[in-house]
Amino acid sequence: MSEAYDLIVIGSGMGGYVAAIRAAQLGLNVAVVERQSVLGGTCLNWGCIPTKALLEHAHAFKVAQQASEWGITFSGGSSPSIDMARVHERKDKIVQGLTKGVEFLMKKNKITRVQGSARLVGGGQVEVRDSGHSEARVLSATEILVATGSVPRSVPGIAVDGTRIITSNEAIHLPSVPASMAILGAGAVGVEFASMFAQFGSQVTLIEMQPRLVPNEDAAVSTELDRAFRKRGIGVRTATQVASVGIVNGGVSIVLRDALGKSDTTDTLVVETLLVATGRGPNTDGLGAGDVGLAMDRGFVIVDESYRTSVDGISAIADVITTGARPHPQLAHLAAAEGVLAAERIAGKDIPLLNYDHVPACTYCEPEIGSVGLSEKAALERGFNVKIGTFPFSALGRAKIAGEAQGFVKIVAEAEYDQVLGVHIIGPRATELIAAATTALQLESTVEEIVRTIHAHPTIIRTSLTSSA
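A. Seen up close, the overall build of the protein chain. Counting its secondary structure elements, the protein chain contains 13 helices and 25 strands. For 469 residues, the compact-globule estimate of 2.2 N^0.38 gives 23 Å, and the C-alpha radius of gyration of the protein chain, at 24 Å, lies within 12% of that figure. Here the C-alpha coordinates of the protein chain stretch approximately 70 × 65 × 55 Å along the principal axes. Evaluated residue by residue, the protein chain yields a buried proportion of 49% over its 469 residues. When the accessible surface of the protein chain is summed, it comes to about 21,800 Å², and 50% of that surface belongs to carbon and sulfur atoms. In the protein chain, 41 side chains carry a positive charge and 48 a negative one; their mean positions are 4 Å apart.

Shown next as structure tokens:
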């Protein structure tokens, strides 16, 4: 006999637990199935939170190294060093505290937690197997929400061993700082780890097949980040692909070649550690998606604009989905937003449709990157009559006071009606500043309205947004 619920959520990541809580708030009897022993999914346990904690340690280390510039001296003239054991201790404490917070919210909202691997078996039923039990537990519900998230994706021919060749899952737990590290992939994950380990003392080389770093960002942002990374001593190999990888004398030998096919020559890079950061794939292995007839695309679950799948009574959200219309951003804050909307629809409410052009993206490397809306290239491709404005942080007093004056704010607007189409920031506090830009786009602000909005002084936002506009 199965256990009956109004809603079963498969996965307790950002999208899953937020959806479960919202559904419970609306009066539904909810169960959450999670195969891991902890709640919170990738973002909380292996992604956003631990990574950003490490990046914050890297920033603190930089400030300590520059202490003399601030008039701060250390006893005996000793220079600061990084203690990775203490770093991980603090990082893990932060993660554990937030995990307990999710557990509290689940209990507070009377959500049933079921540990084990879930499999869709049709008829509104979910089979759950726990490694400690031979018999499956069967749950049933009127609605099922798939929120199983994503897993690190490797490259054919590169075998991740978890020691010398690693993914981000292992990188956040490295007990010591590698003397040298190559990072394959220069998207958000790749450049964040490059920034972090370079600050900790590794000799880092970034390898990217595309012609520029952070290829999803505005081209001007990519150029500025490339300049900043080279200035920091980070090696940058764009338009480059890996021909082969091997373990040699305890290190990793990487044969590189031109990704654009302009040259047949190769060269070899030998490093202590290779971090594969080539994106994340859908976590649908063992889900039984094909058995119940879910329409799929390369492992992703196909959904409509309200997160319904091809099977009645089954919805899906976040990193595991695709709409087919455009690439679906794998972002924790987007997962949460989709979770709320899916839960509200399942509870019988009318829901607005998300405008995916208004989803902000943040990259926490140094300098930070924050962006929302259309890049200059995308706006032109959509046929807009584009005007742009750019303001450098080097001219801003507040940025100089903070000792972080690299980068700029770039606003992309429509010339005829003055509407802001996109804002792209690289520099200090970019991941915080982008919130103001996101609000402006959501409210369909014009450049004139931004210019005439009064901001406090001295702040980074005051001059950077109004002057670039």
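B. Inspection of the sheet that holds strand β8 (residues 165-166) at higher detail. Across the sheet, which stays open at both edges, the 5 strands sit in the order β8-β15-β9-β10-β11 with parallel pairing between neighbours. In the strand order of this sheet, the two ends are held by β8 and β11 (235-237), each with one partner. Across 2 bridges, β8 lies against strand β15 (residues 273-276) in parallel orientation. When the sheet's bridge partners are listed, Ile166 is paired in β15 with Leu275.

C. Spotlight on the sheet that holds strand β21 (residues 361-363). Pairing within the open sheet is antiparallel, and its 5 strands lie in the order β21-β22-β25-β24-β23. This sheet does not close on itself; its edge strands, each paired only once, are β21 and β23 (386-392). Strand-to-strand, the axes of this sheet are offset by a mean angle of 10°, without reference to chain direction. Here strand β24 (residues 408-414) pairs with strand β25 (residues 420-426) via 6 bridges, running antiparallel. Counterpart to Ile411 in the pairing with β25 is Val423.

D. Molecular detail of unusual backbone geometry. Each neighbour pair has its own omega, and for Glu366 with Pro367 the value is 5°, a cis peptide bond. Within the secondary structure, Pro367 sits in the loop between β21 and β22 (369-373). Across the junction of His457 and Pro458, the peptide omega takes the value 0°, indicating a cis bond. Assignment of secondary structure puts Pro458 in the loop between α12 (447-451) and α13 (460-468). One non-glycine residue with positive phi stands out, namely Tyr307, at about 75°. Among the secondary structure elements, Tyr307 is positioned in the loop between β18 (300-302) and β19 (314-316).

E. Quick peek at a nonpolar patch on the surface. A surface patch of nonpolar side chains, amounting to about 290 Å² of accessible area, comprises Val63, Trp70 and Ile72. The exposure class of Trp70 is partly exposed, given its relative accessible area of 46%.

F. Quick look at the environment of Pro367. Residue classification places Pro367 among the buried residues on the basis of a relative accessible area of 8%. Note: C-alpha distance between Pro367 and Phe229 (138 residues apart in sequence) is 8.8 Å. When near neighbours in sequence (up to four residues on either side) are disregarded, Pro367 contacts Leu225, Ala228, Ile426 and Gly427.

G. The arrangement of the side chain of Thr438 in detail. Looking at the secondary structure, you find Thr438 in helix α11 (residues 430-442). Residue classification places Thr438 among the buried residues on the basis of a relative accessible area of 15%.

H. Spatial organisation of the side chain of Glu34. Locating Glu34 in the fold gives a position in strand β2 (residues 30-34). It is Arg35 that comes nearest to the buried, bridge-free Glu34 among opposite-charge side chains, at 5.9 Å. A polar contact of 2.8 Å, which involves the side chain of Glu34, links it to the side chain of Ser12. Sequence-distant contacts of Glu34, that is, excluding residues within four places in its chain, are made with Gly11, Ser12, Leu39, Val114, Gln115 and Gly116.

I. Quick look at the state of the cysteines. Counted according to the given criterion, the structure contains 0 disulfides. Distance from the sulfur of Cys362, which forms no disulfide, to the nearest cysteine sulfur (Cys48) is 11 Å.

J. Here's a closer look at the packing of aromatic side chains. For the coordinates displayed, the defined rule picks out 2 aromatic pairs. Aromatic side chains Phe193 and Phe197 sit 6.3 Å apart centroid to centroid with 15° between the ring planes, which places their arrangement in the stacked category. Placement of both Phe193 and Phe197 in helix α6 (residues 188-200) is noted, with a separation of 4 residues, approximately one turn of the helix. Of the two residues, Phe193 and Phe197, neither departs from the other in class, the shared state being buried. For the ring pair Phe197 and Phe200, a centre distance of 6.1 Å and an interplane angle of 85° mean the geometry is edge-to-face.

K. Region of the structure containing the pattern of salt bridges. Scanning the model with the defined rule gives 20 salt bridges in all. Among the salt bridges present, the one from Glu3 reaches Arg137, with a minimum N-O distance of 2.5 Å. Here Arg137 lies in strand β6 (residues 137-146) and Glu3 lies in strand β1 (residues 3-10), a separation of 134 residues in the sequence. The partly exposed category is assigned to Glu3, whose relative accessible area is 28%. The partner of Glu366 in a salt bridge is Lys62, and the shortest N-O contact between them spans 2.5 Å. Taken together, the residues span a long stretch of sequence, with Glu366 in the loop between β21 and β22 and Lys62 in helix α3 (residues 48-65) at a distance of 304 residues. Overall, the relative accessible area of 24% leaves Glu366 in the partly exposed class. Assessed through its relative accessible area of 11%, Lys62 is described here as buried. Residues joined in a network through salt bridges with shared partners are Asp218, Glu376 and Lys410.

Calculation criteria
- Note that residues are indexed from 1 along each chain, following the sequence as it is written.
- pLDDT decides what is reported in this predicted model: residues at 70 or higher carry local features, side-chain atom pairs at 80 or more are listed and counted, and totals for whole chains, interfaces and linings draw on all residues regardless.
- To obtain the side-chain values, all non-hydrogen atoms of the structure were included, while hydrogens and water were left out.
- Strands here are runs of E lasting at least two residues and helices are runs of H or I lasting at least four, both read from the DSSP assignment and numbered beginning at the N terminus.
- The reference for a compact globule is 2.2 Å times residues^0.38; the radius of gyration itself is calculated from the C-alpha atoms.
- A 1.4 Å probe rolled over the protein chains alone gives each residue an accessible area, and that area as a share of the maximum for its type sets the label: buried under 20%, exposed over 50%, partly exposed in between.
- For accessible areas, the Shrake-Rupley method is used with a probe of radius 1.4 Å. Any residue's cover is judged against the shown protein chains and nothing else.
- By the counting scheme adopted, Arg and Lys are positive, Glu and Asp are negative, and His together with the chain ends is not counted.
- By convention, the charge on Lys lies at NZ, on Arg at CZ, on Asp at CG and on Glu at CD.
- Strand pairing follows a simple DSSP-based rule, namely that at least 2 bridges must link the two strands.
- Lines fitted to the C-alpha atoms define the axes, with helices restricted to the stretch that makes contact. Angles between their N-to-C directions range from 0 to 180 degrees.
- Patches here: salt-bridge-free residues with over 30% relative accessible area, like charges joined within 9 Å, nonpolar side chains (Val, Leu, Ile, Met, Phe, Trp, Tyr) joined within 5 Å.
- Salt bridges are defined as contacts in which a side-chain nitrogen from Lys or Arg sits within 4 Å of a carboxyl oxygen from Asp or Glu.
- We call two residues in contact whenever any of their non-hydrogen atoms come within 4.5 Å of each other.
- Any pair of nitrogen or oxygen atoms within 3.5 Å is treated as a polar contact; in protein, a donor-acceptor pairing is required on top of that, and neighbouring residues in sequence qualify only through side-chain atoms on both sides.
- Sulfur atoms of two cysteines make up a disulfide when they are within 2.5 Å.
- Two rings from Phe, Tyr or Trp (for Trp, the six-membered ring) form a pair when their centres are within 6.5 Å of each other. A pair whose planes differ by under 30 degrees is stacked, one over 60 is edge-to-face, and the rest are tilted.

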